[in-house]
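# A look at the structure
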There are 2 protein chains.
Amino acid sequence: MPYELYYWPSIQGRGEFIRLALEEAGADYLDVARLPEEDGMGLPALLRHLDGADGRPPFAPPFLKTGDLLIGQSANILLFLGARLGLAPRAEAGRLWVHQLQLTLADWLGEVHDTHHPVSSDLYYEDQRLEATRRAQDFTGRRLAQFLVYCERVLSANPRGWLAGSRPTYADLSLFQMIEGLRYAFPLAMTRLERGCPRLIELRDKVARRPNIARYLASKRRLPFSEEDIFRRYPELDLGVKPRTGRFPAPLSRPSSARSIRAA
Amino acid sequence: MPYELYYWPSIQGRGEFIRLALEEAGADYLDVARLPEEDGMGLPALLRHLDGADGRPPFAPPFLKTGDLLIGQSANILLFLGARLGLAPRAEAGRLWVHQLQLTLADWLGEVHDTHHPVSSDLYYEDQRLEATRRAQDFTGRRLAQFLVYCERVLSANPRGWLAGSRPTYADLSLFQMIEGLRYAFPLAMTRLERGCPRLIELRDKVARRPNIARYLASKRRLPFSEEDIFRRYPELDLGVKPRTGRFPAPLSRPSSARSIRAA
């Protein structure tokens, strides 16, 4: 029985993190919403699960069906698949560590999304462009570097060049996707910042060279990046240099406790 | 050996979701950053782990230390504790379902945070008030109801009145905290919306009556809500009625595919 992946059919989005894991493992899977409606697949099949009478509905795609299990939330799906596909350490400590990293990548991805949708996911980018400019300024000028440096630091602690142990995990594949997406959306900022993250770029290259991943990336199954996706290239949001005004960050003389407690 | 919880000492924040699980289970734990520096505890102990040479540092608090394990990311900590403290189903399907719900609550919490910090977690609320007003209008007028209705729907599928099975899980405790925080931050919006969610309110009341939770809430260990926390009461962000302008949501005549793909 193949795994059934349910995700919006025309974008990489959050579904891509699941696709990369399935592809790396050579797993048998159906990308249900991209298959013909005549065969009971397509978008209607996805919507049936979202709107259906199932007592355990997912809040949003992606979700994965296998046997009687319907699993939602990207990181949760990867937690499940990681153990089955050999993409996670077997010992509890390693499993928790990889999942922790995946959740941090999920936070990072959410912040990428909000650079172009800081006001509402139900409004068009053009209707929140002013707010997006400010948010993206903070992202490219501060937050992006924090995440990159964190990942570089984690990688520097493991001489094997992976996030955990001596083999790639689902979190390594997801980190590859983050770099690809960030390069697409913020080419100027990434050019500036990648210089400080050699291990991260090496990991990205190693993932791209994995035979199954290379085959997938060259196939039609890999959808292109676009401006309807999470990673979007809007040149006005890509600041290659740090902002020079005094507004970012807030003056340090004010107590840091009044600021916001973000993440994790 | 008591569990060591590390979180900012002066707010509930994301640490509260861990505290509620430890308290419900009557677990032996130290809230390290709230203990005296003279004893090697306090904020310096927290910062040592964040800045330390440990090869597996957390990106941000909260994190939990037990034996050799240092576990970061709230939902990951609860995944670990749930199994040990009897706050999660034993079977895999139930464990994944509860974790999926917890991750959805985490997404919801992130959106609450961004109502007052839509531009940058490094700027004060006062420096992003205009953007916050717009974001909060979308949250109270649309997004909040989506999450509440989803939870009510999940609860309606289980006659036992819990999110999964016949006993409270860590996700039930977290849902209690969400309701408490939302009532604090958005009293007008919640008054309007709670009418449609009787099962959710019943769950909130049942959790509040659990002996260990009731004792905890009445103790000094329970910190008060405040405007330095995730849930903040800014009356200008609490819209008790749906916005009447034509700007929210975007006109339906435009293709939905151009909108943002949000969450999960």
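Residues numbered from 1 in each chain as written. Chains lettered and ligands numbered in written order. Predicted model: local features only at pLDDT ≥ 70, side-chain atom pairs only at ≥ 80, totals over all residues. Heavy atoms only, no water.

With that settled, the discussion passes to the interface of chain A and chain B. Taken residue by residue, the interface counts 79 residues in chain A and 79 residues in chain B. Interface of chain A and chain B: buried area, both sides summed, is about 7300 Å²; carbon and sulfur atoms make up 51% of it. Linking chain A to chain B there are six salt bridges. Measuring nitrogen to oxygen at the nearest pair gives 2.9 Å for the salt bridge that ties Glu131 of chain A to Arg134 of chain B. Elements represented by at least two residues in the side of chain A that touches chain B include exactly α2 (42-51), β4 (69-72), α3 (74-85), α4 (92-116) and α5 (129-156) of chain A. With twelve residues, the single largest contributor to the side of chain A that touches chain B is α4 of chain A. Residues that form the side of chain A that touches chain B fall into these classes: 38 nonpolar, 18 polar and 23 charged. (Contact = heavy atoms within 4.5 Å. Buried area = accessible area lost by both parts, 1.4 Å probe. Salt bridge = Lys/Arg side-chain N within 4 Å of Asp/Glu carboxyl O. Helix = DSSP H or I, 4+ residues; strand = E, 2+ residues; numbered from the N terminus. Nonpolar A, V, L, I, M, F, W, Y, C, P; charged D, E, K, R; others polar.)

Helix-helix packing is described using two parameters, namely the angle between the two axes and the distance between the axes. All names here are of chain B. Between helix α1 (residues 15-24) and helix α6 (residues 170-185), whose axes approach to 9 Å, the crossing angle comes to 130 degrees. Judged on the interaxial angle alone, α6 and α1 are oblique. Classified by chirality, the crossing of α6 by α1 is right-handed. Of α6, the residues touching α1 (which contributes Glu16, Phe17, Leu20, Ala21 and Glu24) are Leu173, Ser174, Phe176, Gln177 and Met178. (Axes fitted to C-alpha atoms, helices over the stretch in contact; angles between N-to-C directions. Parallel < 35°, antiparallel > 145°, perpendicular 65-115°, else oblique. Left-handed = near helix turned anticlockwise from the far one by under 90°.)

This part covers the relation of the copies chain A and chain B. Screw-axis analysis of chain A against chain B gives a translation of 0.0 Å along the axis, an RMSD of 0.0 Å, and a rotation angle of 180 degrees. Put plainly, the chains are arranged around a two-fold axis. In this assembly the copies share their binding face: 100% of the residues contributing to the interface of chain A also contribute to that of chain B. (Least-squares fit on C-alpha atoms with pLDDT ≥ 70 in both.)

Those residues of helix α2 (residues 42-51) of chain B that fall on the buried side of the exposure criterion are Gly42, Ala45, Leu46, His49 and Leu50 of chain B. Projection of α2 of chain B onto a plane perpendicular to its axis shows the buried side chains occupying an angular sector of 160 degrees, all on one side. The exposed residues of α2 of chain B that point more than 90 degrees off its buried face are Arg48 and Asp51 of chain B. Considering only its buried residues, α2 of chain B is in contact with α5 of chain A together with β1 (3-6), β3 (63-66) and β4 (69-72) of chain B. (Buried < 20%, exposed > 50% of the residue type's maximum accessible area, 1.4 Å probe, protein only. Arc of directions from axis to C-beta.)

Another point: the side chain of Arg204 of chain B. Relative to the helices and strands, Arg204 of chain B resides in helix α8 (residues 198-209). Beyond its immediate sequence surroundings of up to four residues, Arg204 of chain B is in contact with Phe176, Ile179, Glu180 and Arg183 of chain B.

Looking now at the packing of α6 of chain B against helix α7 (residues 187-194) of chain B. Residue and element names in this part refer to chain B. For the pair α6 and α7, interaxial distance at closest approach is 5 Å and the crossing angle is 125 degrees. Looking at the two axes, α6 sits oblique to α7. Residue-level contacts link Ile179, Leu182, Arg183, Tyr184 and Ala185 of α6 to Pro187, Met190 and Glu194 of α7. Within the contact of α6 with α7, the residues separate by chemical class into six nonpolar, no polar and two charged.

Further remarks concern the confidence of the model for chain A. Residue and element names in this part refer to chain A. Summary statistics for chain A give a mean pLDDT of 92 and a share of 90% for residues scoring 70 or more. Segment residues 243-258: pLDDT under 50, and 28 contacts once partners within four positions in sequence are set aside and those in other chains are kept. As a predicted assembly, this complex carries a pTM of 0.92 together with an ipTM value of 0.92. (pLDDT = per-residue confidence, 0-100.)

This part takes up the pairing of β4 of chain A. Residues and elements named next belong to chain A. In β4, alternate side chains face the same way, and those of Leu69 and Ile71 on one face and Leu70 and Gly72 on the other are all buried. In this structure, strand β3 (residues 63-66) lies alongside β4, joined through four bridges in antiparallel fashion. Of the residues in β4, the one forming a bridge with Leu64 is Ile71. What sits between the antiparallel neighbours β3 and β4 is a turn of two residues, in which Gly67 has the positive phi angle 60 degrees. (Pairing = 2+ DSSP bridges.)

Okay, helix α6 (residues 170-185) of chain A next. A turn of α-helix holds 3.6 residues, and therefore any two residues three or four places apart point the same way. In this model, α6 of chain A (16 residues) spans 22 Å end to end at C-alpha, consistent with the 22 Å of a helix rising 1.5 Å per residue. With 15 of its 16 residues buried, α6 of chain A lies for the most part within the structure. (Expected span 1.5 Å × (residues − 1).)

All names here are of chain B. If you walk across this open sheet you meet the four strands as β2-β1-β3-β4, and the pairing is mixed. Strand pairing shows two members of the sheet lacking a second neighbour, β2 (29-31) and β4, which therefore form its edges. This sheet shows a mean twist of 20 degrees between the axes of neighbouring strands, independent of strand direction. One ladder, built from three bridges, connects β1 with β2; its direction is parallel. The residue of β2 that forms the bridge with Leu5 is Asp31.

Once that is clear, we can look at the pattern of salt bridges. Under the defined criterion, the tally for this structure stands at 34 salt bridges over all chains. The residue Arg142 of chain B makes a salt bridge to Asp138 of chain B at a minimum N-O spacing of 2.9 Å. Taken together, the residues Arg142 of chain B and Asp138 of chain B, both in helix α5 (residues 129-156) and four residues apart, mark about one turn of the helix. Both residues of the pair, Arg142 of chain B and Asp138 of chain B, count as buried. Counted as one network, the salt bridges with shared partners bring together Glu16, Arg19, Asp31, Arg34 and Arg222 of chain A.

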